[in-house]
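One letter stands for each residue in the lines below.
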Amino acid sequence: MADDPFTTFKKQAEEALRKALAELKAESPIVLDKAPSGMGDLAFPCFPLAKQLRKAPDAIAKDIASRIQPHDMIDKVDSKAGYVNFSVSFDRLAKSTLNEAIARKGDYGSPERKKPTRILVEHTSVNPTGPIHVGRARNPIIGDTLARILRHAGYRVDTEFYVNDVGRQVVMMTWGVKHLTADAKPERDKDDYRYVLFYQKANKVLEEKPELEKEIGQMLYNLEHGDPETVRLTHEVCERVLAAITDTLSRLNIRIDNFTWESRFVADKSVDRIIERLKGSEFCHEEGGAYFLELESFGIAGRETKWFFTRADGTSVYTTRDLAYHMDKFTRTDTAVNILGEDHKLAMQELAAALSIIGVEKKPEIVYYAFVSLPEGKMSTRKGIVVNLDDLVDEAMERAYEEVKKRRTDLSEDKMRDISRIVGIGALRYNIARVQAEKQIVFKWEDALNFEGTSAPFIQYAHARACSILEKAGDWDRGSSERRFDTDYERALVKMIASFPTVVSECAEYRKTHVLAVFAQDLAAQFNQFYRFVPVLKAEGPARDARLALVEASMWTLRNALNCLGIEAPTEM
RNA sequence: GGGCGUGUGGCCUAGUCAGGAUAUGGCACUUGCCUCCUAAGCAAGUGGUCAAGGGUUCGAAUCCCUUCACGCCCGCCA
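Here, residues in each chain are numbered from 1, in the same order as that chain's written sequence. Chain labels run from A onward and ligand labels from 1 onward, assigned in the order the entries are written. Selection of residues for local features in this predicted model requires a pLDDT of at least 70, selection of side-chain atom pairs for listing and counting requires 80 or more, and totals for whole chains, interfaces and linings are taken over all residues. Neither water nor hydrogens contribute to the side-chain values; these are computed over all heavy atoms in the structure.

Asker: What am I meant to see in the overall build of chain A here?
Answerer: We count a stretch as a helix when DSSP gives it H or I for four or more residues in a row; a strand needs E for two or more, and each element gets its number in order from the N terminus. Along the backbone of chain A there are 20 helices and 14 strands. For chain A, the spread of C-alpha atoms along the principal axes amounts to about 85 × 65 × 40 Å. Long-range contacts, defined as pairs at least 24 residues apart, comprise 73% of the intrachain contacts of chain A with a sequence gap of at least 6. Computed with a 1.4 Å probe, the accessible areas rest on the Shrake-Rupley method; for each residue, only the protein chains presented here act as cover. In the structure as shown, chain A presents an accessible area of about 26,900 Å², 49% of it carried by carbon and sulfur atoms. Contact definition: two residues touch when any of their heavy atoms are within 4.5 Å.

Asker: What's the story with the sheet that holds strand β8 (residues 284-287) in this structure? I'm lost.
Answerer: Sheet strands pair by backbone hydrogen bonding; their relative direction is either parallel or antiparallel. Read from one edge of the open sheet, 3 strands run β8-β9-β10, paired in antiparallel fashion. Lying at the two open borders of the sheet, with one neighbouring strand each, are β8 and β10 (306-308). Sheet twist, expressed as the average angle between the axes of neighbouring strands with direction ignored, equals 35°. Pairing of β8 with strand β9 (residues 290-294) involves 4 bridges; the strand directions are antiparallel. Within β9, the residue paired with glutamate 287 across the bridge is alanine 290. When DSSP finds at least two bridges between two strands, those strands are taken to pair. All axes are obtained by fitting lines to C-alpha atoms, using only the stretch in contact for helices, and the reported angles, taken between N-to-C directions, cover 0 to 180 degrees.

Asker: Please explain the protein's contact with RNA strand B as it appears in this structure.
Answerer: Taken together, 73 residues sit near RNA strand B, with Tyr83, Arg311, Tyr461, Ser468 and Tyr531 positioned nearest. Contacts described as polar in this section are N or O atom pairs within 3.5 Å, which, within protein, must combine one atom able to donate a hydrogen with one able to accept it, while residues neighboring in sequence count only if both atoms come from side chains. Within the side chain of histidine 514, a nitrogen or oxygen atom sits 3.0 Å from a phosphate oxygen of RNA strand B. Glutamine 529 is positioned with one of its side-chain polar atoms (N or O) 3.4 Å from a phosphate oxygen of RNA strand B. Among the elements that make up the surface near RNA strand B, the one with the highest residue count is helix α17 (residues 456-473) (8 residues). Proximity is defined per residue: any heavy atom of the residue falling within 4 Å of a molecule or strand makes that residue near it.

Asker: What am I meant to see in the pairing of strand β2 (residues 42-45) here?
Answerer: Both strand β1 (residues 33-34) and β2 contribute to a ladder of 2 bridges, which runs antiparallel. Its bridge partner being in β2, aspartate 33 is matched across the sheet by alanine 43. Pairing between β2 and strand β4 (residues 83-88): 4 bridges, direction antiparallel. Residue proline 45 lies in a different strand from β4, and its bridge partner there is tyrosine 83.

Asker: Help me understand helix α18 (residues 488-510), please; the structure alone is not making it clear to me.
Answerer: Spacing of three or four residues puts side chains on the same side of an α-helix, whose turn is 3.6 residues. Here, expected helix span is obtained from the residue count minus one, scaled by 1.5 Å. The end-to-end C-alpha distance of α18, which contains 23 residues, comes to 31 Å, matching closely the 33 Å that a straight helix rising 1.5 Å per residue would cover. Every buried residue of α18 is accounted for by Glu490, Leu493, Val494, Met496, Ile497, Ala498, Phe500, Pro501, Val503, Val504, Cys507 and Ala508. Residues of α18 that are buried in the fold lie against α1 (5-23), α4 (90-104), α5 (134-152), α19 (514-533) and α20 (541-564). Only protein chains enter the accessibility calculation, which uses a 1.4 Å probe; a residue is then buried when its area is under 20% of its type maximum, exposed when over 50%, and partly exposed in between.

Asker: Looking at this structure, how should I read the pattern of salt bridges?
Answerer: Pairing of side chains with opposite charge becomes possible as their charged atoms draw close. The term salt bridge refers to a side-chain nitrogen of Lys or Arg lying within 4 Å of a carboxyl oxygen of Asp or Glu. This structure, assessed with the given rule, holds 47 salt bridges. For arginine 188, the salt bridge is made with aspartate 394, and the minimal N-O distance between the two is 2.6 Å. You can see arginine 188 sitting in the loop between α6 (168-179) and α7 (191-208) and its partner aspartate 394 sitting in helix α14 (residues 389-407), a full 206 residues away along the chain. Its salt-bridge partner being glutamate 403, residue lysine 406 comes within 3.2 Å of it at the nearest N-O pair. Residue lysine 406 and its partner glutamate 403 are both found in helix α14; the two are separated by 3 residues, about one turn of the helix.

Asker: I would appreciate a short explanation of the nonpolar core in the present structure.
Answerer: Most often, soluble globular proteins keep nonpolar side chains buried together rather than apart. Side-chain atoms within 4.5 Å link the members of a nonpolar core, which is a set of buried Ala, Val, Leu, Ile, Met, Phe, Trp, Tyr and Cys residues. Within the largest apolar cluster, 95 residues are counted, with the highest numbers of intra-cluster contacts made by Phe44, Ile64, Val84, Phe86 and Leu516. Element by element, the count of residues in this core is highest for α20, at 12 residues. Aside from chain neighbours lying at most four places away, what touches phenylalanine 44 is Leu17, Leu21, Ser28, Pro29, Ile30, Val31, Leu32, Leu49, Ile64, Gly82, Tyr83 and Val84. By size, the runner-up hydrophobic cluster in this structure holds 50 residues, among which are Trp175, Ala202, Cys238 and Trp261.

Asker: Got a minute to help me understand α5 in this structure?
Answerer: Counted at 1.5 Å a residue, the expected span for α5 with its 19 residues is 27 Å, and the 27 Å between its end C-alpha atoms agrees. Counting buried positions over the 19 residues of α5 gives 16, a clear majority of the element. Positive backbone phi, at 100°, marks glycine 154, one or two positions downstream of α5.

Asker: In this structure, what is going on with the packing of aromatic side chains? I would like to understand it.
Answerer: A ring pair, where both rings are aromatic, is described by two values, the distance of the centres and the angle of the planes. Each pair of aromatic rings taken from Phe, Tyr and Trp, with Trp reduced to its six-membered ring, is defined by centres within 6.5 Å and is described as stacked if the planes are under 30 degrees apart, edge-to-face if over 60, and tilted in the remaining cases. Applying the stated criterion across every chain yields a total of 18 aromatic pairs. Centre to centre, the rings of tryptophan 307 and phenylalanine 309 are 5.9 Å apart; their planes meet at 40°, and the pair counts as tilted. Judged by centre distance (4.8 Å) and plane angle (10°), the ring pair of tyrosine 489 and phenylalanine 533 falls under stacked. With a gap of 44 residues between them, tyrosine 489 in helix α18 and phenylalanine 533 in helix α19 connect regions that are remote in the sequence. Counting every residue linked through ring pairs, the aromatic cluster contains Tyr108, Phe500 and Phe519. Lying across the ring of tyrosine 291, lysine 279 places its NZ or CZ 4.4 Å from the centre. In this analysis the charged atom, NZ for Lys or CZ for Arg, is taken to sit over a ring once it is within 6 Å of the ring centre and within 35 degrees of the ring normal. Lying over the aromatic face of tyrosine 368, lysine 345 brings its terminal NZ or CZ to 5.5 Å of the ring centre.

Asker: How do you make sense of the domain arrangement of chain A when you look at a structure like this?
Answerer: Domain start and stop positions are those given by an automatic or database domain assignment. Taken domain by domain, chain A holds domain 1 (5-88), domain 2 (121-373) and domain 3 (389-564). The distance between the C-alpha centroids of domain 1 and domain 2 comes to 53 Å.

Asker: For this particular structure, what's the right way to read the side chain of threonine 129?
Answerer: Inspection of the secondary structure assignment puts threonine 129 in the loop between β5 (118-122) and α5. Look past the residues within four positions of threonine 129 in its chain and what remains in contact with it is Gln169, Val170, Met173, Val196, Tyr199 and Val241.

Asker: Which parts of the structure should I look at to understand the packing of helix α12 (residues 318-332) against helix α13 (residues 345-357)?
Answerer: Angle between the axes and distance between the axes: these two values describe a pair of packed helices. The geometry of α12 relative to α13 is characterised by a closest axis approach of 10 Å and an angle of 60° between their N-to-C directions. Our classification of the angle between α12 and α13 gives oblique. For the pair α12 and α13, the crossing hand works out as right-handed. Along its contact with α12, which presents Thr319, Asp322, Leu323, His326, Met327 and Phe330, the element α13 presents Ala347, Met348, Leu351, Ala354 and Leu355. In the scheme used here, Gly and all other residues not listed as nonpolar or charged are polar, with Ala, Val, Leu, Ile, Met, Phe, Trp, Tyr, Cys and Pro taken as nonpolar and Asp, Glu, Lys and Arg as charged. Residue composition of the contact of α12 with α13, by class: 8 nonpolar, 2 polar and 1 charged. These descriptions rest on fixed angle ranges, namely under 35 degrees for roughly parallel, over 145 for roughly antiparallel, 65 to 115 for roughly perpendicular, and the rest for oblique. By convention, the crossing between two helices is left-handed when the near helix turns anticlockwise from the far helix through less than a right angle, and right-handed when the turn is clockwise.

Set out below in structure tokens:
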């Protein structure tokens, strides 16, 4: 597979170092750092070699540098303060990078050939018992972004929502729908808001009349044993709430490929088969009719190392069904990636242990995220301290509209609304995607709807500027072989564009969305400097063509990075 | 009590996996720049014991140990 030019440069530098070190009879892993600006592009520190060679690091660096002849992508090798510094052949890098970006357009950053590996990204999977709130919004945004990145990195990706239509919460809601009447108006004319009222009321009624617990238990039993009426009603209610939830997600540019219903694994008896297999395990014990695995030897620690996989009445628990689901998943994919809240860590450890016990080698890979809280504390639907995702989306679009109106007087109402939607949703997604998943975040309106600095609009704005130049440029010579760039602004921008393929594959490999978000921000900042200091349309001759090529390559790179983040790139704003 | 995660200027944050050259950006604050390709921008400035302590190393935000703070978990719930 052909590497991008910067990777080729890096490999050539590594190879040259390998040879030089062999000549010196020195042994060292070859790790290249990014050199500080003005000292080349890649740096090799020679300090670890000092003891081995009994020479000063600086002398070693000098020696190594003198043994490496510049060739192909390596333009210059020199040494300074114990480092061997490599400079890339800039003209070659610029030429192939820009040609590639301009030729491949929306595919720039993606490998020429698709990878055969299938990856199934399970995300969101919230209980279909009510609207999604901001605390849970991290899940679909991280999941969808990761899926987009993996796709751009060349994998065959499917996204999946696991619909929990079996557990107690769903039964509570369905029981409420069957036996209660709503006594409040839903906050929105949407099924998730309508049905959550039944769920909430059922919980309240049960608190007041604990004797109804038996009825709930019976319904749960009926559901799990395939009672047609219970199954039908539950499924219908869940389906409606689910449809409403996916409507909310689609507002954030999130579309899910598959929905797998948990009840399927109960109905097709795969859960029963797993229970039987687990019962045959040496780790299995029984207590009052309920079965559990003793998982202490699997690294499970805490007060309780038992994992119960059946209730006393023989019915399955959540993780047991999840086990059946994962076994099904592995028949359909090579790699399973799950996006989960950090509260699922123990359950996933138990699931991994159980998979080992029944002899399944594959394990799901999990991306955990910490919860989003509000300044006044934990989000809680019951206590009413909650921000619904729909409200956040509305507010984002509304605030973006105010900003558009401030700046543009020449646009039609429709156009302004369209830009507001793109900018508002972008700001929202960006603010989630930009932060490492493991960091807990406190939701603040002013951060979530930030339109300047580190934000989607900042990146979108750079893209719109690029589009504006290209639109005004008229005809220019795209095939020009001479592309000279003399300013640091241009050269730095070219190098950033050249690094995009590597950034995408690293984000994919490490399952990190925030790295791409940071890259997009840096690229936009670099483009804005270029825009400010280097005239494009007023330039003449080959310089103009070269700069236009740089603008076009920037535009595609910004657009592709935004697309990986699930953020639309408006041509004007 | 135990397990896992997080801790970087007033606030948010990158860098931590693979230790390397003056610790990245942003917000806020101060000050400049729109007869010039869109000022959602650019430039300059103020602000840091990288939670604390110890250790390893030529070199530690990064690795090891201890402590502290915060979050999540330790259900026959999901």
